[in-house]
Each structure stands twice: as C-alpha cells, then as structure tokens.
Amino acid sequence: MSDLDSIVGQAREQFAAIGDAAQLEEAKARFLGKSGQVTELLKGLAKLPVEERKARGEAINRVKNAIEAALADRREALADARMQQKLAAEALDVTLPGRSAQRGGLHPVMRTQRRVEQIFRSIGFDIAEGPEIETDWFNFTALNSPENHPARSMQDTFYVDARDSAGKQLLLRTHTSPMQVRYASLHAAKHRGHETMAPIKVIAPGRTYRVDSDATHSPMFHQVEGLWIDEDISFADLKGVFLNFMRAFFEDDNIVARFRPSYFPFTEPSAEIDIAFSSGPMKGRWLEVSGSGQVHPNVVRNFGLDPERHIGFAFGSGLERLTMLRYGIGDLRLFYEGDLRFLRQFN
Ligand code: PHE
C-alpha cells in the first residue's frame, strides 16, 4: 500500500505549498478530479480479481478521505490567513484622538448686528434688508440731496457700470439711509386710504460702501439705520431709544449720551450722538457713535406721507465702530484680514 500512502503525502505537500484558493482547487483536481490520481485508482479496481477488490477499494477510499480532509484543512487555513490580512489592512486605532469637524463661528461684526437686531426687536422694531446696489434716487435724491448738493461730495461713491430706468448710474449704497425711503414708502402705500397708519418702526442693518481706507475706514463697512415715524415722535423719543440701545448693547446702565448739532440733508435738525462710559478704559471720553436727526419734511413727502401729520427720527450707526468699542479693538482692518487667530477670539 505504499503507493497509496505516498499519494496522501504528495497531496499534503502540494496543498501546503499553495497560497491561494484558485490554485488549491486546481491541485484538488489532480487528485480527485475526473482523471485525478485517486479517480484513476478507483477505475483500476475493475481490473482486479474480485477477492482483492474490497480491501483495495477500502484502502483507496481512506486515501480519498485523507486527501479531502487535507484539502479542507488547507482551505480553512487560507481563509483564516485572508481574514487576518484584511483585518490588518483595515485596522483602526481606536486610541487615536478623534478628528472632529471644524466649527465655524460668527464674525464679530455679525455678532454685533445680531445683538442690535435682538435689542430693537425687543422694543417692537421690524428688521428690514435692502439692496447694496442702489439707485441715485434712493441713495441721494429721495434723501433730499439733489444733483448738485454739496452733501454728495461728502461721500465718495463707488459707481456701477449700469444705469437705472431713469438713465442714472447705479451705485453701491454709501449708507443704509436709502432703506428709510424703501421701507417707509412701502409701508405708507399699504396704509393709503386708511384713516390712520400704523407707526413705522424699523431698523435696517447691512453692508455699505465708500471710497475710503485706513485704520478706521474700510471701503466696505456696515451700518444700521433706525427709523421711527408716527404722529408725535420727537427728539425726546430718539434720545430715550438710543440711550437705551447703547445701555443694552454695552450692558452698562451708566452710559451717558449727548447730542451734538450737525448737518445731514435728510434730517432737520441733525445731530451726532456721542456716548461716554463712566468706568473702564474709555471712561469719560466722548465717543461718536451715530448720525441722527428729525426726518426732513421733504423726505417724509418722499415716503408718500404728509409732513404736517407724520414726524419722527432716524439714526445711522456704524456696526464696526460699535464692535470695536465693545471688544476694545484698535484697528478696523483686523475685521477683514480673515486671520483666524483674531476671529476665533469671538467664538
Ligand atoms: N446716513 C448717515 C451717514 O451715513 C447717518 C444718518 C442716518 C444721519 C440717519 C441721520 C439720520 O453718515
């Protein structure tokens, strides 16, 4: 029977040398396939004398079983090895610190804007947004600054290469004041024909543009416009609203305000509003924070209202300025350099 033993030995040896499943199946065929060695041996049984057949047959079957067992072992070993390889390739180091998503944050000027909106919403003001590309009418003419008015040269304007339906060149709004006219005239139109009009109470924050650039001026900056028009709104209301705004904004009930006579074509009388802190590093210094005034009768007319009946105030404040005062920032350019070391401090 040594021929049979040697077949098992050969099979084991060949199987052991094989590293992949497909080759293993080929090797199996050499022994157990249609013309494999074991199959040939079984075919040979027919030629044996009957009395030898049984013993020889049993011996061949043992060989067949032994080869099948060796095959199964090798298959399992290869499958194990493949699994180990896969695990190693896909290994996760669960002890590594996580890589969390980077969290964005609000720009400090935007934080100021939200804060201002929150304060004014709490006293019943609407919040309005308007276009940054404006017409000559809304930015100047409707605001009582006609074509040759000297006030137009106070603001160096970015003009756009396009014209409005009146043939006037479009421009980047130089202030948020055009929103007074846009908002109030819509509001007035809605109430036309009614006995009374609900008061106009609105703030309009947003981007504004002027040809100007230094430590305290940026060609793009932010303002917030305020407007309150009703039948009996006076300078006293402006003073009360604005002082409360400042006290809420800076969380300081000891802030004082003063009104300094000034000039704007769209308000009469006009005033610059200065505030002073009574403690902290800015203590006792008057700081200009807003232009303001009683809305000019011509402008009230451009709202579509009767200046004999409707009266009120407007103000316009720089949001960068408020942000710089609140956080003690000395250079406005820091806002627009995009340096994360600066910006992260506010989040
Ligand atoms: N629009 C003015 C400016 O940009 C500010 C202002 C607004 C003044 C409203 C009076 C009333 O300087």
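These notes cover the structure that comes with them. (Residues numbered from 1 in each chain as written. Predicted model: local features only at pLDDT ≥ 70, side-chain atom pairs only at ≥ 80, totals over all residues. Heavy atoms only, no water.)

## A few points about the overall build of the chain
Which entries qualify depends on this criterion: Secondary structure counts use DSSP, requiring at least four H or I residues in a row for a helix and at least two E residues in a row for a strand, with both numbered from the N terminus. When accessible area is computed with a 1.4 Å probe and restricted to protein chains, residues below 20% of their type maximum are described as buried, those above 50% as exposed, and intermediate ones as partly exposed. Two residues form a contact once any of their heavy atoms are found within 4.5 Å. Working definition of accessibility: Shrake-Rupley area with a 1.4 Å probe, residue cover restricted to the visible protein chains.
Each helix and strand counted, the chain has 12 helices and 10 strands in total. Taking the principal axes of the C-alpha coordinates as reference, the chain spans close to 135 × 50 × 40 Å. The burial tally for the chain puts 41% of its 347 residues in the buried class. Sequence separation of 24 or more characterises 64% of the internal contacts of the chain that already satisfy a separation of 6 or more. Of the accessible surface of the chain, which amounts to about 19,700 Å², a share of 51% is contributed by carbon and sulfur atoms.

## Notes on helix 11 (residues 319–327)
Residue pairs spaced three or four apart in an α-helix point in one direction, given the helix's 3.6 residues per turn. Turning to helix 11, its buried residues number three or more, namely L319, E320, L322, T323, M324 and L325. Those residues of helix 11 hidden inside the fold are in contact with helix 5 (108–122), strand 6 (220–230), helix 9 (235–250), strand 9 (287–295) and strand 10 (311–318). Trailing helix 11 by a residue or two, G328 shows a phi angle of about 70 degrees, which is positive.

## Considering the site of the ligand
To keep things clear, this is the line we draw: A single heavy atom is enough: if one lies within 4 Å of a molecule or strand, its residue is considered near that molecule or strand. Here a polar contact means two N or O atoms within 3.5 Å. Within protein one must be a hydrogen donor candidate and the other an acceptor candidate, and residues neighboring in sequence count only if both atoms are side-chain atoms. As defined here, a cavity is a set of points on a 1 Å grid over the protein atoms alone where a 1.4 Å probe fits but cannot get out. A pocket is an open set with protein on both sides within 12 Å along at least five of seven lines, and residues line them when an atom is within 4 Å of a point. In this scheme, a molecule is assigned to a cavity or pocket if more than half of its atoms are within 2 Å of the grid points. Throughout, the ten residues Ala, Val, Leu, Ile, Met, Phe, Trp, Tyr, Cys and Pro are labelled nonpolar, Asp, Glu, Lys and Arg are labelled charged, and all others, Gly among them, are labelled polar.
Among the 14 residues in the neighbourhood of the ligand, the closest are listed as H175, S177, R210, Q223 and G316. One of the side-chain nitrogen or oxygen atoms of H175 is found 3.0 Å away from a nitrogen atom of the ligand. In the model, a nitrogen atom of the ligand is placed 2.9 Å from a nitrogen or oxygen of the S177 side chain. Because more than half of its atoms lie within 2 Å of the grid, the ligand is assigned to the largest pocket. In terms of residue class, the shell around the ligand is made up of 4 nonpolar, 8 polar and 2 charged.

## Concerning the sheet that holds strand 10
Worth spelling out the cut-off: Here the rule is simple: two strands pair whenever DSSP picks up at least two bridges between them. Think of each axis as a best-fit line through the C-alpha atoms, taken over the contacting stretch in the case of a helix, with angles from 0 to 180 degrees between the N-to-C directions.
The strand order across the open sheet formed by 7 strands is 1-5-6-10-9-8-7, and the pairing between neighbours is mixed. In this open sheet, the two strands that pair with only one neighbour each are strand 1 (126–127) and strand 7 (256–264). Set on the sheet, helix 5 makes contact with strand 1, strand 5 (200–209), strand 6 and strand 10; between it and strand 5 the angle comes to about 170 degrees. Taken strand by strand, helix 8 (residues 178–191) contacts strand 1, strand 5, strand 6, strand 9 and strand 10, and its axis lies near 145 degrees from that of strand 5.

## Quick look at unusual backbone geometry
Cis geometry is adopted by the peptide bond preceding P269, which originates at E268 and carries an omega value of 0 degrees. Within the secondary structure, P269 is located in strand 8 (residues 267–276). Positioned with a positive phi, N144 is a non-glycine residue whose angle comes to about 70 degrees. You can see N144 is positioned in the loop between helix 6 (136–139) and helix 7 (151–154).

## Topic: the sheet that holds strand 2 (residues 133–134)
Read from one edge of the open sheet, 3 strands run 2-4-3, paired in antiparallel fashion. Edge positions in the open sheet fall to strand 2 and strand 3 (159–163), since each of these has one partner strand only. Bridge count between strand 3 and strand 4 (residues 169–172): 2 bridges; the pairing is antiparallel. From the neighbouring strand, R163 faces strand 4, where its bridge partner is Q169.

## Let's talk about the environment of L41
For L41, the position within the fold is in helix 3 (residues 37–44). Among residues more than four places away in sequence, those in contact with L41 are L4, I7, R56 and I60.

## Observations regarding the layout of surface pockets
Formally: Grid points are joined across faces, edges and corners, and a volume is the space filled by probe spheres set on the points.
Empty space within the largest pocket amounts to approximately 1,100 Å³. The wall of the largest pocket is formed by 47 residues, among which R210, F221, Q223, E288 and G318 lie closest to the centre. Secondary-structure elements contributing two or more residues to the lining of the largest pocket are helix 7, strand 6, strand 8, strand 9, strand 10 and helix 11. For the lining of the largest pocket, the element with the highest residue contribution is strand 9, accounting for 7 residues. Split into classes, the residues belonging to the lining of the largest pocket amount to 17 nonpolar, 20 polar and 10 charged.

## Re the environment of F277
Along the polypeptide, F277 turns up in the loop between strand 8 and strand 9. Expressed as a C-alpha distance, the spacing of F277 and P131, which sit 146 residues apart in the sequence, is 35 Å. Setting aside residues up to four positions removed in sequence, F277 forms contacts with F250, D252, I255, M282, K283, G284 and L287.

## Considering the packing of helix 3 against helix 4 (residues 50–89)
Put simply, the test is: We call two directions roughly parallel when the angle between them is under 35 degrees, roughly antiparallel when it is over 145, roughly perpendicular when it lies between 65 and 115, and oblique otherwise. Whether a crossing is left-handed or right-handed is set by the direction in which the near helix is turned from the far one by less than a right angle, anticlockwise for left-handed and clockwise for right-handed.
Taken N-terminus to C-terminus, the directions of helix 3 and helix 4 make an angle of 165 degrees; their axes are 10 Å apart at the nearest point. Here helix 4 runs roughly antiparallel to helix 3, going by the angle between their axes. Helix-helix and strand crossings are classified by hand; for helix 3 and helix 4 the assignment is left-handed. Here V38, L41 and L42 of helix 3 come into contact with helix 4, specifically with R56, I60, V63, K64 and I67. Within the contact of helix 3 with helix 4, the residues separate by chemical class into 6 nonpolar, no polar and 2 charged.

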